[in-house]
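# Coordinates in review
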Amino acid sequence: MPSTGPPRIHRRKLRTCREFNHFSRSFSLKESSNDFNRIEDLTGFDYSPNEVVLTNRILEVAIEASNKACAIIRENLGAKVVSKKSTERDLLTLIDALCEKTIRHTVQQHFPNHSFLGEETVPPGIEASQQALEDALANTSEWLWIVDPIDGTTNFASGIPLNMPSIAVARNCDVLVSVLNDPHRRELYTAVKGQGAFLNGQRIQVGKEENLEDAIVGAESPAGAKALEMSVKGINQLMPQVRTIRMLGSSAVFLPWVASGRLTAYWTPDECAWDIAAGALLVSEAGGRVTDAKGYDYTLRTRSLVASNGMVHDDILAVLREAEAIM
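Small disclaimer: the values here were computed from a predicted structure and weren't measured.

What counts and what doesn't
Residues numbered from 1 in each chain as written. Predicted model: local features only at pLDDT ≥ 70, side-chain atom pairs only at ≥ 80, totals over all residues. Heavy atoms only, no water. Helix = DSSP H or I, 4+ residues; strand = E, 2+ residues; numbered from the N terminus. Expected span 1.5 Å × (residues − 1). Buried < 20%, exposed > 50% of the residue type's maximum accessible area, 1.4 Å probe, protein only. Arc of directions from axis to C-beta. Contact = heavy atoms within 4.5 Å. Salt bridge = Lys/Arg side-chain N within 4 Å of Asp/Glu carboxyl O. Axes fitted to C-alpha atoms, helices over the stretch in contact; angles between N-to-C directions. Parallel < 35°, antiparallel > 145°, perpendicular 65-115°, else oblique. Left-handed = near helix turned anticlockwise from the far one by under 90°. Phe/Tyr/Trp six-rings, centres within 6.5 Å; stacked < 30°, edge-to-face > 60°. Pairing = 2+ DSSP bridges. Right-handed = clockwise from strand over helix to strand, strands pointing away.

Okay, helix α5 (residues 126-139) next. Taking 1.5 Å of rise per residue, 14 residues should cover 20 Å, and α5 covers 20 Å from first to last C-alpha, within 8% of that figure. Turning to α5, its buried residues are Ser129, Ala132, Leu133, Ala136 and Leu137. Down the axis of α5, the smallest arc covering the buried residues is 125°, so these residues share one side. Along α5, the residues that are exposed and aim more than 90 degrees away from the buried face are Glu127, Ala138 and Asn139. Contacts made by the buried residues of α5 are with β3 (115-118), β4 (143-151) and α9 (273-285).

Bringing the pattern of salt bridges into the picture now. According to the stated counting rule, one finds 12 salt bridges in the structure shown. Among the ionic pairs, Asp182 bridges to Arg185, the shortest N-O distance being 2.7 Å. Take Arg185: its relative accessible area is 31%, and that puts it in the partly exposed class. Asp270 is the partner of Arg303 in a salt bridge, and the nearest nitrogen-oxygen pair spans 2.7 Å. Of this pair, Arg303 sits in the loop between β13 (289-292) and β14 (305-308) while Asp270 sits in the loop between β12 (265-268) and α9, placing them 33 residues apart in sequence. For the pair shown, Arg303 and Asp270 are each scored as buried. Each of Lys226, Glu229 and Lys233 takes part in one network of salt bridges that share partners.

With that out of the way, let us pick up the packing of helix α7 (residues 225-238) against helix α10 (residues 313-323). Axes are the key here: two packed helices are described by the angle between their axes and the distance separating the axes. One way to put it is that α7 packs onto α10 with a least axis distance of 9 Å and a crossing angle of 120°. Regarding the angle of α7 to α10, the classification is oblique. In this structure, α7 meets α10 at a crossing whose hand is right-handed. Across the interface between the two elements, Lys233, Gly234, Gln237 and Leu238 from α7 touch Ile316, Val319, Leu320, Glu322 and Ala323 from α10.

Time to look at the packing of aromatic side chains. Counting across every chain of the model gives 2 aromatic pairs. Each ring, one from Phe111 and one from Trp145, has its centre 6.1 Å from the other, and the planes form 35°; the classification is tilted. Note that Phe111 is positioned in the loop between α4 (94-110) and β3 and Trp145 in strand β4, a separation of 34 residues in sequence.

This part is about the pairing of β4. Most of β4 sits out of view: 9 of its 9 residues are buried. Of the pairings in the sheet, the one linking β3 to β4 comprises 4 bridges and is parallel in character. Bridge assignment links Leu117 to a residue of β4, and that residue is Ile146. With respect to chirality, the unit in which β3 leads through α5 into the neighbouring parallel β4 is right-handed. Looking at chain direction, β4 and strand β5 (residues 164-171) are connected through 7 bridges and run antiparallel. What sits directly across from Val147, in β5, is Ile167.

Here it is as structure tokens:
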């Protein structure tokens, strides 16, 4: 009779992150949660000091938390708008706060000493979001969870299934783990820095388009007036030079699509860390390039983002400069 338990492993050290990840992906999250101490002993890793084991535990908890949020999102698609945030275009539902509370509670159960920066606890506006990030980076523990419980709230409130929770986990300002979980298409995107990007456990890579004229580019219709002005300028300049532009209203949707090759690139003139941190790591790990609109490498403080397959990146930056579409 075939075994129904987790796979048996030899009593030797799994010497690399890749070997450990291959093992950990070979059984379910429920099994891995129940048997993790056994795995830890057999691999020879110490939990507390070992970054390999810790990042994989963080990944598991991020998946668990996002799955809980996804269940709430699926049950409440089309929820009533209860307030508006920074502008008339920036919406909020009760479900946003419920998803964030659920994610936060799950994280604190497993990692009570980790810090947490969630969109729904931050006052509206660019200045407030920038200050919240600076406060978190200055006062945080070694690990910081950066969470948008529902990226694409306008879509969510309108019943449009283009939204998802976005979870990034940074260690000393460096994003090491990302989880973007699409509740409507059952697509789980994950990345651990240095180990590649995955969709439902299968490795993904950015697209192969070499020329701007072949590129499918994602863009935004931002809530802020200045960002909207920059977006219109950039789109007007880009549109005649690319195959097409798509505007779907969620960085958390667009960035995984760049990572998996569905889109060639994505550009947004102004986003908060919780909107793009997870997706930026995913694109990088899928072989893409992620910078600000001036071409500087992505950091948690980046707000104007260009993410691409790398081959059309400089061309897009040049178009945005020519259009004066950079904040």
